Amino acid sequence: HQRRAVTMASAGGGVHSKRRRGSHVLGVALLSLAWLVLARPGAFTSCAAAPNGVTGRRDSDLIRVVLGEDPSRPSFEIVVRGKTWLASSQPYLRHEGTTRTPENGTLELVGTGAISGADAKLGPYDGVSWEWATTSRDGTRVTMKTAVKWFPHGVVLFEQTFPDGARWTQTPGLDCGPGRPEMATCPACASMTWPGLASAFPTFSRDPAVAQEDLGFLEFYGIFENGESGAWGPRLGEWPKDDIVGGLSSGPIALFNKRGEALVISSHGSFMSASHDQGLETLDFGTMGSLTSLPAGFSVSHVLVASRGGVNKAFRAWGDHLLSYYGKPPQWSKNGGDVTSSYIGYTTDNGAYYYYNPMPGEDMLGTLLKVHEYANEAGIPYRHVLLDSWWYYKDPRDGSVVLWEAREDAFAGGSAGMRRLVEVTGWAVTAHNRYWSNRTDYDVLSGGNFGFVNDVGCPCRPRDAYSVPSAQDFWDFLLGQAKAQWGLSTYEQDWLWPQFLGTTELLEDANLGSAWLLQMGAAASAHGLGIQYCMPFPRHLMQSVEISSVTQARASNDYGPRDRKWQWRIGRSSILVDALGLAPSKDGVYTTAVQPGGSQGHFVELRPELELIVAVLSTGPVQIADGVGFSDAGLISRACSEDGLILGPSRAATAMDFTLIGEAFGGGAGEIRASSRPEVWAAHSEVGAEVWIHVLAADLQQPTVVELRDLLNVPNDGPFWDSDWEGEEDSAYVAYRAAAFDPAGATIVELGRDGLELDDASGPLGHELWHVARPRGGVAILGELSKFVPTSPRRFISIQRQGPLTRVAVRGAQGEEVTLSFAERRQGGYRLAERSCVVGASGDCEVQFTATGAAAAQEQVGE
């Protein structure tokens, strides 16, 4: 790949070249002239600040776009810190049943030009545009416009536009075979794949000689993105040696080196019709191969976001970019905003004790009222309940939804019974829904009042036939009625992937998929409801950046018996969900080991504490699945305040970078089974200038050391990060934990450059939870050691340090006693002290600690 050793002109100062239109007779001479103008030397970016609140460390010299020299074969390279990572190949377009390419002479380059300007949301850019044309059978010309734009904050956009549209674009790639294990267990379109794209730009070569350093990749794909043995993703491997999955179920891809530089590439718009695909020689980004046409004026874009902070930071920078671009505040910025992810709740989902399993002699209304009575007696402060698919009417032929109203055999009185549940318990309701039947009662064809797009059968399973609402008025009616009649709070749209793959029109129409989700979201917003996505593909999650009402998404499979040994492993899937501003949901939790008589029979939960820790660290819903009489109220109390407020971290716990890098470069991509994979995750809590790191380790196969550098890289750029941390003293940070969550069993370790040693989590059932703090003035605030997250920003209101005095304002239930632990450095180690306050009618109180030799310090804890 020949290339100029120069970069494009700086943002706002580029040289312009008039775009030329017309046929190929313009000639190579004119294209050569334009290319010479484009390739003049200049700086790639400026050091301007990122617009619209885009956050994260993005160095302006991190990434460059470098043009090739041959104007008749336009090309470019993506260069990271002076080393080529990606080299472009040629675009293509499906039209009238054939693939049009520059190589076969059917897609002609007819114009090129430099572009520069200012995007209303992203700021100034420079770039290059190319115009391509192909001839239809009737002699008319069809154009495809492509462009690459770069911005001064580590963002590159790739655009495709189709002024004339294109027809008969579908690839012949439909495959109904059993080749995709992630699709093999669901009833509709069981193993369907649709390789190929209807259009592609950019395309990148898979030639191993291109990349000038070793690169790993992480690709999100599949239903829950955390499945066993790689079946549901994400996939880790070496680029380009190991295969990218691609196709309809796939989403963002990260490339990274061993030093921590990383980039993420994904769709940037038209999320429900964009796709990527791996061929024998290229990795291509464009539109789904299942589309039958591209409407006139249709466009699709992809984005590349770079970071030098590692895989997690790259995904957060990418997510920040998308959220800022579409104007959606992230869920984690709403401290206490969504009741279902802010307070403890109860669940009847798959795997729960009462899943399709009411108490003897009771319907589900009577059962749940007894759950409420028991919870009150046991002091368990449930604030909401999840009603799974047992409560509404389904078609017995394929399980699709016929009528989304309460079954009389589940709730006596139907909707009135559901209203009674809400009135008696005071619980907010999360109500489950799945894919729509093409015989639904709401459809005008079945005597209803609303239009639906009906299918005659799933492309790979004709006996399953679904439909999709076709207008906004249906969603306004459905969600408005549910809120008015029985108090719906959160709408759970489950089975997203079967609805998508099982409805032919969603696969063939470039705009129907986004319209379906946008209409659902608009109705939820209009009625003040939240939405949880369940069983989503990555494309559904990315579409949520345009939908403010989508606040959470399942990051795991169901807490059912088949998947329970690995279902809790959401550290990787949470990278994607959290980056997109959503609260990851782990699903239900049993809090005691043995609960006979439930939906799973004589079930044994081997590690309830770990399950509950994972739910709290997720920042999503914490939903208890116990039967009456089987809950461990003491264990549940470690997760929340006395009024049920979940005491979680600031951001979701995610798999630490060193575990991802180690697996990607370790060989055997996709061969490590999730049920035996060691897990090391980290989250952080931030209150003002104070930041803590929380580290969860489970199923370690051998002693593991988490380096200090990795720990300090967990939070976003902020008060905890020190760019010159190498100059710090070894005692600048301490790690601590409390055995059995009892302050009397606390251990405090001063962290040196070697980091934190983890050795107690070895084996299939072991886990350990550590926290890292930075002492100030010789005092470290350790927090509530009886809680899973002792320094939760939901508990801590503010912190003031005034000389030897530390003042911590906390919130809680009226009358609740809040006890905090402090560690004061003394000669030979740290001494632990506890201080308490009682929450008053205002909902808060203040804990004070004075660091003096006369402080009421307790036993010295080992160094």
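Our subject is the structure listed above.
This structure is a prediction, so every number in the text was calculated from the model and none was measured. The residue numbers shown here count from 1 along each chain, following its written sequence. In keeping with the model being predicted, local features are shown solely for residues with a pLDDT of at least 70 and side-chain atom pairs are shown and tallied solely at 80 or more, while totals for entire chains, interfaces and linings include all residues. Side-chain figures throughout are based on the complete set of non-hydrogen atoms in the structure, without hydrogens or water.

**Student:** Can you walk me through the environment of Val 402 in this structure?
**Tutor:** A helix here means a DSSP run of H or I that spans at least four residues, while a strand means a run of E at least two residues long, and both kinds are numbered starting from the N terminus. Position of Val 402 relative to the elements: it lies in strand E23 (residues 401-403). Distance in space between the C-alpha atoms of Val 402 and Trp 436 is 6.8 Å, their sequence separation being 34 residues. Excluding its chain neighbours within four sequence positions, the residues that come into contact with Val 402 are Tyr 393, Lys 394, Asp 395, Ser 437, Arg 439, Thr 440, Asp 441 and Tyr 442. Should any heavy atoms of two residues lie within 4.5 Å, those residues are counted as being in contact.

**Student:** Explain the pattern of salt bridges to me, please; I cannot follow it from the model alone.
**Tutor:** Two side chains that carry opposite charge are able to pair once their charged atoms sit near each other. We define a salt bridge as a contact between a side-chain nitrogen of Lys or Arg and a carboxyl oxygen of Asp or Glu at a distance within 4 Å. This structure, assessed with the given rule, holds 36 salt bridges. Here Arg 776 makes a salt bridge to Glu 690, at a shortest N to O gap of 3.5 Å. Taken together, the residues Arg 776 in the loop between strand E43 (767-773) and strand E44 (779-783) and Glu 690 in strand E38 (residues 690-698) connect sequence positions 86 residues apart. For Arg 776, a relative accessible area of 31% corresponds to the partly exposed category. Because the salt bridges share partners, they merge into one network encompassing Glu 96, Arg 100, Arg 137, Asp 138 and Arg 167. Remark: exposure states derive from per-residue accessible area (1.4 Å probe, protein chains only) relative to the maximum for the residue type, with buried under 20%, exposed over 50%, and partly exposed in between.

**Student:** Any chance you could explain the pairing of strand E1 (residues 63-67) here in plain terms?
**Tutor:** Residues in a regular strand point their side chains to alternate faces of the sheet. Buried residues dominate E1, accounting for 4 of its 5 residues. In this description, strands pair whenever DSSP reports at least two bridges between them. Inspection of the sheet shows E1 paired to strand E2 (residues 76-80) by 5 bridges, in the antiparallel sense. If you follow Leu 67 over to E2, its bridge partner there is Phe 76.

**Student:** Got a minute to help me understand the state of the cysteines in this structure?
**Tutor:** Each disulfide consists of a covalent bond between the sulfur atoms of two cysteine residues. Disulfides are defined in this document as cysteine sulfur pairs within 2.5 Å. Here the structure, examined in full by the defined rule, presents 1 disulfide. Sulfur-sulfur distance for the disulfide between Cys 837 and Cys 845 comes to 2.0 Å. On the sign convention where negative means left-handed, the S-S torsion of about 50 degrees between Cys 837 and Cys 845 marks this disulfide as right-handed. We classify Cys 837 as buried; its relative accessible area is 10%.

**Student:** What is the right way to look at the sheet that holds strand E45 (residues 796-802) in this model?
**Tutor:** Sheet strands line up and pair through hydrogen bonds in the backbone, either parallel or antiparallel. Read across the open sheet, the 3 strands follow the order E45-E46-E49; overall the sheet is antiparallel. Two strands bound the open sheet, and with one partner strand each, they are E45 and strand E49 (844-850). Across this sheet, the average inter-strand angle for adjacent strands is 15 degrees, counted without regard to direction. Where E45 lies against strand E46 (residues 805-811), 6 bridges are found, and the strand directions are antiparallel. Among the inter-strand pairings, Ser 798 is bridged to a residue of E46, identified as Ala 809. What counts as an axis is a line fitted to C-alpha atoms, over the stretch in contact for a helix, and the angles between N-to-C directions run from 0 to 180 degrees.

**Student:** Sorry, what's going on with helix H5 (residues 415-425) here?
**Tutor:** Each full turn of the α-helix corresponds to 3.6 residues, which orients residues three or four apart in the same direction. Among the residues of H5, Ser 415, Gly 417, Met 418, Leu 421, Val 422 and Thr 425 are the ones counted as buried. The buried residues of H5 all sit within an arc of 165 degrees when viewed along its axis, so they share a single face. For H5, the exposed residues set more than 90 degrees away from the buried face come down to Ala 416 and Glu 423. Next to the buried residues of H5 lie helix H4 (364-378), strand E21 (384-387), strand E24 (428-433) and helix H6 (472-486). Of the residues trailing H5, Gly 426 is marked for its positive phi of about 75 degrees. Here, the arc refers to the directions that run from the helix axis to the C-beta atoms.

**Student:** Explanation requested: the environment of Arg 795 in the structure shown.
**Tutor:** Note on placement: Arg 795 falls in the loop between E44 and E45. Judged by relative accessible area, which is 1%, Arg 795 ranks as buried. The sequence separation of Arg 795 and Val 810 amounts to 15 residues, and the corresponding C-alpha distance is 5.4 Å. Filtering out sequence-adjacent residues up to four positions away, Arg 795 remains in contact with Ser 641, Leu 647, Glu 784, Lys 787, Ala 809, Val 810, Arg 811, Gly 812, Glu 816 and Val 818.

**Student:** How do you make sense of the packing of aromatic side chains when you look at a structure like this?
**Tutor:** Any aromatic ring pair is given by two values, namely how distant the centres are and how the planes are angled relative to each other. Side-chain rings of Phe, Tyr and Trp (the six-membered ring for Trp) are treated as a pair once their centres are within 6.5 Å; stacked means planes under 30 degrees apart, edge-to-face means over 60, and tilted covers the remaining angles. Counted according to the given criterion, the structure contains 45 aromatic pairs. Seen in terms of ring centroids, Phe 450 and Phe 474 are 5.5 Å apart; in terms of plane orientation they differ by 75 degrees. Their pairing is edge-to-face. A residue pair is termed long-range when its members are at least 10 positions apart, and Phe 450 in the loop between strand E25 (436-437) and strand E26 (452-454) and Phe 474 in helix H6 qualify at 24 residues. The buried category is assigned to Phe 474, whose relative accessible area is 0%. Clustering of aromatic rings is evident, with ring pairs tying together Trp 391, Tyr 392, Trp 404, Trp 436, Tyr 442, Phe 450, Phe 452, Phe 474, Trp 475, Phe 477, Trp 486 and Tyr 491. Cation over ring: Lys 394 sits above Tyr 392, and NZ or CZ is 5.1 Å from the ring centre. The rule is short: NZ of Lys or CZ of Arg within 6 Å of the ring centre and within 35 degrees of the ring normal puts a charge over the ring.

**Student:** Is there a simple way to explain the side chain of Thr 425 in this structure?
**Tutor:** Relative to the helices and strands, Thr 425 resides in helix H5. Two N or O atoms count as a polar contact when they lie within 3.5 Å, although within protein this holds only if one can serve as hydrogen donor and the other as acceptor, and sequence-adjacent residues are included solely when both atoms are side-chain atoms. Within the local environment of Thr 425, its side chain forms a polar contact with the backbone oxygen of Leu 421, the two atoms lying 2.6 Å apart. A distance of 3.1 Å separates a polar side-chain atom of Thr 425 from the backbone nitrogen of Trp 427. Not counting the four nearest positions on each side in its chain, Thr 425 is found in contact with Leu 369 and His 372.

**Student:** Would you mind showing me how to read the packing of H6 against helix H9 (residues 512-526) here?
**Tutor:** For any two helices packed against each other, the geometry is given by the interaxial angle and the distance between the axes. In contact at an axis separation of 8 Å, H6 and H9 are set at 40 degrees when each is read in the N-to-C sense. As the angle between them shows, H6 and H9 are arranged oblique. By crossing handedness, the relation of H6 to H9 is classed as right-handed. For the pair H6 and H9, contact is made by Gln 472, Trp 475, Asp 476 and Leu 479 and by Trp 516, Gln 519, Met 520, Ala 522, Ala 523 and Ala 524, respectively. Basically, the charged four are Asp, Glu, Lys and Arg, the nonpolar ten are Ala, Val, Leu, Ile, Met, Phe, Trp, Tyr, Cys and Pro, and anything else, Gly included, counts as polar. When grouped by side-chain class, the residues that make up the contact of H6 with H9 number 7 nonpolar, 2 polar and 1 charged. Every angle not falling under 35 degrees, over 145, or within 65 to 115 is termed oblique; those three ranges are roughly parallel, roughly antiparallel and roughly perpendicular. Handedness of a crossing is defined here by the sense of rotation of the near helix relative to the far one, left-handed for an anticlockwise turn of less than a right angle and right-handed for a clockwise turn.

By themselves, these are just geometric observations and shouldn't be taken as functional.
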